[in-house]
Amino acid sequence: MLKIKTAIGLIFRREIHNEIKKKLKEKRSNRKLALDYFDFFYESTYGKEWKAMRLAMLTGRKYIALLNNYSNFIETGAIMEKNASINLLKYLDMIQSKQNTQIDQSLPRNLNIFTFDNGDCRDFPSPKPSNSDGLMNYYCMDGASILPIFAMNIQKNETILDLCSSPGGKTLAMLQTLLPKYVICRDINQSRLDRLARMLKTYVPESELIKKVSIQMNNPSLKSSDEECFDRVLVDVPCTNDRHSLHTEENNIFSKVRSNERSNIQKKQTELLTQAILACKLNGSIVYSTCSLSPIQNEGVVNTVLNIFDAEPRYFLKIEPLDHLKNYFDYFFTFSPTCKTGLLVSPDIKKNFGPFYLCKI
């Protein structure tokens, strides 16, 4: 009897030990740290809206497929339609037409974007190279990430600066408009630039890359030769990367080794937006974006930088309204009503894109 009691006691103690180990492991989890932070910060910021955002962010994100205009996009589009995916721009034009709403002709019509309808959680198959040219047939990205390309309103033969360009989805989308004369792609370290270069080579012919793209290390202190050089600047800044932080342990910004980076992130974002403004031509435009719900990283950074430039009589900066994008894309994206400066795509279980913030200056 004593042996049985001892055995039961050992099993019980082992179970307690395993439970403690589990709790300690949860404490060390970067994803758990991110979720606890978001629960604390975003619940007080968004109130009841946070519950729906939280549920959506804890599930898998939804993607769009950006067809490659440098490959056989007509054949790829036909396959997409057979699989019941929707040509996003054509579908939205049809909705606008039925509502007798004037279709926005300023949007780049060369972009071939496919998505699944609201509530359809299917994923696109992995992209594959074309038999004819070896280039990949489409690129998958969060649907909200395409909005800066529409907000930029790129015109024919303009020179673009993509200030934080890796992994390169937005750079690729710019090139797919077939509008820019030249795109300068910059980032903070060589590994990110190498990743960007590898991706572009699988989608864009080498002759086009040589003619239209330059990949460079970003110099935080803007050279005088760069000042007022670019017609449009996109600055998709490093941020807390909210959804990624909830799903990935590796390279998570909530890890202990990145705590200094996290605490200085608003300062870094402010520096990058300042650099973007200095690099932009007179009457040009800058689009600032993040994949965070944080008002501090979003409107907070924009307002901080605008206040800095208010003291400079040489600069006259204003926030451009993006209501036309909100009205046009409302069917596929949920826009947060709490955002008063720019647009915030908030995750929704039926429209599970984002989070994504953008503001045009």
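Residues numbered from 1 in each chain as written. Predicted model: local features only at pLDDT ≥ 70, side-chain atom pairs only at ≥ 80, totals over all residues. Heavy atoms only, no water.

Draft legend 1. Quick peek at the side chain of Lys351. Residue position: Lys351 is located in the loop between strand E10 (343-345) and strand E11 (356-360). Within the buried set, Lys351 has no salt-bridge partner at all; the shortest N-O distance to an opposite charge, 5.2 Å, is to Asp330. Those residues within four positions of Lys351 in sequence are excluded, and the remaining contacts are Asn118, Asp330, Tyr331, Phe332, Phe333 and Thr334. (Helix = DSSP H or I, 4+ residues; strand = E, 2+ residues; numbered from the N terminus. Buried < 20%, exposed > 50% of the residue type's maximum accessible area, 1.4 Å probe, protein only. Lys, Arg positive; Asp, Glu negative; His and termini not counted. Salt bridge = Lys/Arg side-chain N within 4 Å of Asp/Glu carboxyl O. Contact = heavy atoms within 4.5 Å.)

Draft legend 2. Inspection of the nonpolar core at higher detail. In this structure, Phe150 and Phe329 are the most contacted members of the largest nonpolar core, which totals 52 residues. Among the elements that make up this core, the one with the highest residue count is helix H6 (residues 147-152) (5 residues). Excluding residues that lie within four positions of it along the chain, Phe150 makes contacts with Leu89, Leu107, Pro108, Leu111, Ile113, Leu325 and Phe329. If you look at the next biggest cluster of nonpolar residues, it comprises 41 residues, including Leu163, Val235, Val237 and Phe309. (Core = buried A, V, L, I, M, F, W, Y, C linked by side-chain atoms within 4.5 Å.)

Draft legend 3. Spotlight on the packing of helix H7 (residues 169-176) against helix H8 (residues 190-201). Look at H7 against H8: their axes get within 10 Å of each other, and the N-to-C directions meet at 35°. Considering how the two elements wind past one another, H7 and H8 form a crossing that is right-handed. Across the interface between the two elements, Gly169, Thr171, Leu172 and Leu175 from H7 touch Leu196, Met199 and Leu200 from H8. Among the residues making up the contact of H7 with H8, the classes are represented as 5 nonpolar, 2 polar and no charged. (Axes fitted to C-alpha atoms, helices over the stretch in contact; angles between N-to-C directions. Left-handed = near helix turned anticlockwise from the far one by under 90°. Nonpolar A, V, L, I, M, F, W, Y, C, P; charged D, E, K, R; others polar.)

Draft legend 4. Here's a closer look at the state of the cysteines. Throughout the structure, instances matching the rule amount to 0 disulfides. The thiol sulfur of Cys239 is not disulfide-bonded, and the nearest other cysteine sulfur, from Cys291, lies at 3.4 Å. Taking the relative accessible area as the measure of exposure, Cys239 reaches 10% and is therefore buried. (Disulfide = S-S within 2.5 Å.)

Draft legend 5. Representation of unusual backbone geometry within the structure. Each neighbour pair has its own omega, and for Ser166 with Pro167 the value is 10°, a cis peptide bond. Along the polypeptide, Pro167 turns up in the loop between strand E5 (159-162) and H7. In this structure, the amide linkage connecting Gly354 to the following residue, Pro355, adopts the cis form with an omega of 10°. Residue placement: Pro355 occurs in the loop between E10 and E11. The backbone of Asn251 shows a phi angle near 60°, a positive value even though the residue is not glycine. Assignment of secondary structure puts Asn251 in the loop between helix H10 (242-247) and helix H11 (259-263). When its relative accessible area of 58% is taken as the criterion, Asn251 is described as exposed.

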